[in-house]
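Observations on the three-dimensional arrangement
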Amino acid sequence: ALNHWSQQEGEITFPSIRAPQKTVERWRKHDLIPRGIDREIVETLHRTHEGVDADYKSIIRFGLKTSMGDGWGGAMIATELGDILFGEPKPIRSKVNIGVLNKEMVNIVVHGHEPTLSEMIVKASFDKELLKVAEDKGAKGINVVGICCTANEILMRQGASVVGNFLNQELAIATGVVEAMVVDVQCIMPALSEHVTRFHTKLITTSSKARIKGAHHIQFNEEKAYTIAKEIVRIAINNFTNRGEADVPLNKTDLVAGFTVENLFEILGGKYRATFRPLNDAIISGRLRGIAAVIGCNTVRKVQDKSHIDMVKELLKNDVLVVMTGCAATACAKIGLLQPESAEIYAGKGIQEICKAVGIPPVLHLGSCVDNSRILVALCEIIKEGGLGESLSDLPVAGAAPEAMCEKAIAIGFYAVASGCFVAYSPAMRVLGSKNLTKYLTEEIEEVTGGKFCFEDNPVEAARRMIDHIDMKRNQLKLNPPMYDVPYKKIN
């Protein structure tokens, strides 16, 4: 792992040992495998300085190489280490939406992207001494819930409830029942420190990289993780009696999360014959049209969650199995799409048959945005199982970020395209002012990677573009036509 970060020459390991040989050959032909993660980031900073790289194709291609260090390097390492440190997730039931906040309990909201402290806070919430202190303050327990990808980490492994996604963070505080919001890095609104002054909530920052003026800072140290977690929980407990007016909506929905490549083997093939064969056969036969990964954040440029939900509904109607991570998964969880029962309401006949047979939802929650690497590994396993081509770009799959919000979404979109995927991305990156650059990203780059971008703001139309791409790949593989093909329908 250390070599992945700091080495100056050679190749990082995961691309060549996990990806299909044909894909690796394409990457090597176009020099897309990173030498080291930091190595390429430093060169990107240099190339984009005044007076250095002035060829848009050259800049973009090196951006692809840098992004590969994210998806096939940093993110993949983080997922592997997370599973080692905290245990591999297993399918688990929980609840989502603002209604998971409890008026009678001490409520601690963990928010951000680093799971180490949040895992310890969950553990500390069951500490008998702290529970006794909470009881003495008049509370009926300690309720640790999450927002953004920290929420997904403790959901996947601990079954902790999810308050919401990115644009829910201010609303959670506005209920008046959040004793402490504990944040680390990424997707934290700096204005939270002003927002909490209207309520009793304490905003606690924990990373030296993400200080916020006006917040209470407790520096997290891995060597004292549990001690620091207990200190934070105690602060929240002591704040319980300072509550003012409370208004907690009743909205909350059941969900099933915790899917990984490893447990999908067992779910699909059984404990003693764990395999992806049933999945491949379902695609080959046409019972499944293909697979779509819908990921990403919320953006204030769109109505919260609507693009995720409309896109996923259209995909499901047309028998495209959906895998999700991050805030996108939370969006669909709120309306019940992460329940096995939802297949009968939203999905086509092919997905209904599969969900009924193996007991899974039509939308599979694979974790936080870091866990997008699970999707990459799953695609590699599908190729390895056979019958669906020799390269990742051969697969009848597509990706989407229909509510893209920040630079991280661009990096994820880039490593998906670099891996040979068709990616519907909206709102578009700031490239539409250049016809040449837009054409390169949406057409010509396919000659380099096998993947390309689609900048379509309408989520239903973007879903149809994804379905068209999946159908094209099916035709190229000479697969059976979709078993239950239906004309495009208008979303309800």
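Let's shift gears to the overall build of the chain. A tally of helices and strands in the chain yields 22 helices and 14 strands. Over its C-alpha atoms the chain spans a radius of gyration of 23 Å, differing by no more than 12% from the 23 Å that the globule rule assigns to 492 residues. Projected onto its principal axes, the C-alpha positions of the chain cover 70 × 55 × 45 Å. Looking at the chain as a whole, 61% of its 492 residues qualify as buried.

What follows concerns the sheet that holds strand 11 (residues 363-365). Taken together, the six strands give an open sheet; going across it, the order is 11-10-9-12-13-14, and neighbouring strands pair in parallel fashion. Two strands bound the open sheet, and with one partner strand each, they are strand 11 and strand 14 (452-454). Each neighbouring strand pair of the sheet contributes to a mean axis angle of 25°, computed without reference to strand direction. Here strand 10 (residues 320-324) runs beside strand 11; their pairing, made up of three bridges, is parallel. Across the sheet, Met-324 pairs through a bridge with His-365, a residue of strand 11.

Burial within helix 15 (residues 326-334) is extensive, with nine of its nine residues counted as buried. Buried within helix 15 we find Gly-326, Cys-327, Ala-328, Ala-329, Thr-330, Ala-331, Cys-332, Ala-333 and Lys-334. Gly-336 occupies a position one or two residues after helix 15 and carries a positive phi of about 95°.

As a further point, take empty space enclosed by the protein. The final tally for this structure, using the stated rule, is two cavities of 30 Å³ or more. For the lining of the largest cavity, the secondary structure elements donating two or more residues are helix 8 (148-158), helix 15 and helix 19 (407-418). Of the voids in this model, the second largest cavity is the one considered here, and its volume is about 40 Å³. What lines the second largest cavity is Val-110, His-111, Glu-114, Leu-117, Ser-118, Ile-121, Thr-150, Val-182, Val-183, Asp-184 and Thr-206. Among the secondary structure elements, those contributing two or more residues to the lining of the second largest cavity are strand 2 (106-111), helix 6 (115-124) and strand 5 (178-183). Take the lining of the second largest cavity: its biggest share by element is three residues, from helix 6. In the lining of the second largest cavity, the residues fall into five nonpolar, four polar and two charged.

A grouping of Leu-81, Ile-84 and Leu-85 is seen on the molecular surface, where their side chains present a nonpolar patch of about 340 Å² in accessible area. Tracing the sequence through the fold places Ile-84 in helix 5 (residues 56-86). Given the relative accessible area of 64%, Ile-84 is considered exposed.

Here we come to unusual backbone geometry. Phi is mostly negative for residues that are not glycine, and the peptide bonds are mostly trans. In this structure, the amide linkage connecting Ser-426 to the following residue, Pro-427, adopts the cis form with an omega of -5°. Along the chain, Pro-427 falls in the loop between strand 13 (422-425) and helix 20 (435-444). Notably, Cys-187 is not glycine yet its phi reads approximately 70°, a positive angle. Position of Cys-187 relative to the elements: it lies in the loop between strand 5 and helix 10 (192-195). Even without glycine at this site, Asp-319 takes up a positive phi of about 60°. On the secondary structure map, Asp-319 appears in the loop between helix 14 (306-317) and strand 10.

Thresholds applied
- Residues numbered from 1 in each chain as written.
- Predicted model: local features only at pLDDT ≥ 70, side-chain atom pairs only at ≥ 80, totals over all residues.
- Heavy atoms only, no water.
- Helix = DSSP H or I, 4+ residues; strand = E, 2+ residues; numbered from the N terminus.
- Rg over C-alpha atoms; globule rule 2.2 N^0.38 Å.
- Buried < 20%, exposed > 50% of the residue type's maximum accessible area, 1.4 Å probe, protein only.
- Pairing = 2+ DSSP bridges.
- Axes fitted to C-alpha atoms, helices over the stretch in contact; angles between N-to-C directions.
- 1 Å grid on protein atoms, 1.4 Å probe; cavity = no way out; pocket = protein on both sides within 12 Å on 5 of 7 lines; lining within 4 Å.
- Points joined across faces, edges and corners; volume = space filled by probe spheres on them.
- Nonpolar A, V, L, I, M, F, W, Y, C, P; charged D, E, K, R; others polar.
- Patch = residues over 30% accessible without salt bridge, like charges linked within 9 Å, V, L, I, M, F, W, Y side chains within 5 Å.
- Areas by Shrake-Rupley, 256 points an atom, 1.4 Å probe, with all protein chains shown as cover.
- Salt bridge = Lys/Arg side-chain N within 4 Å of Asp/Glu carboxyl O.

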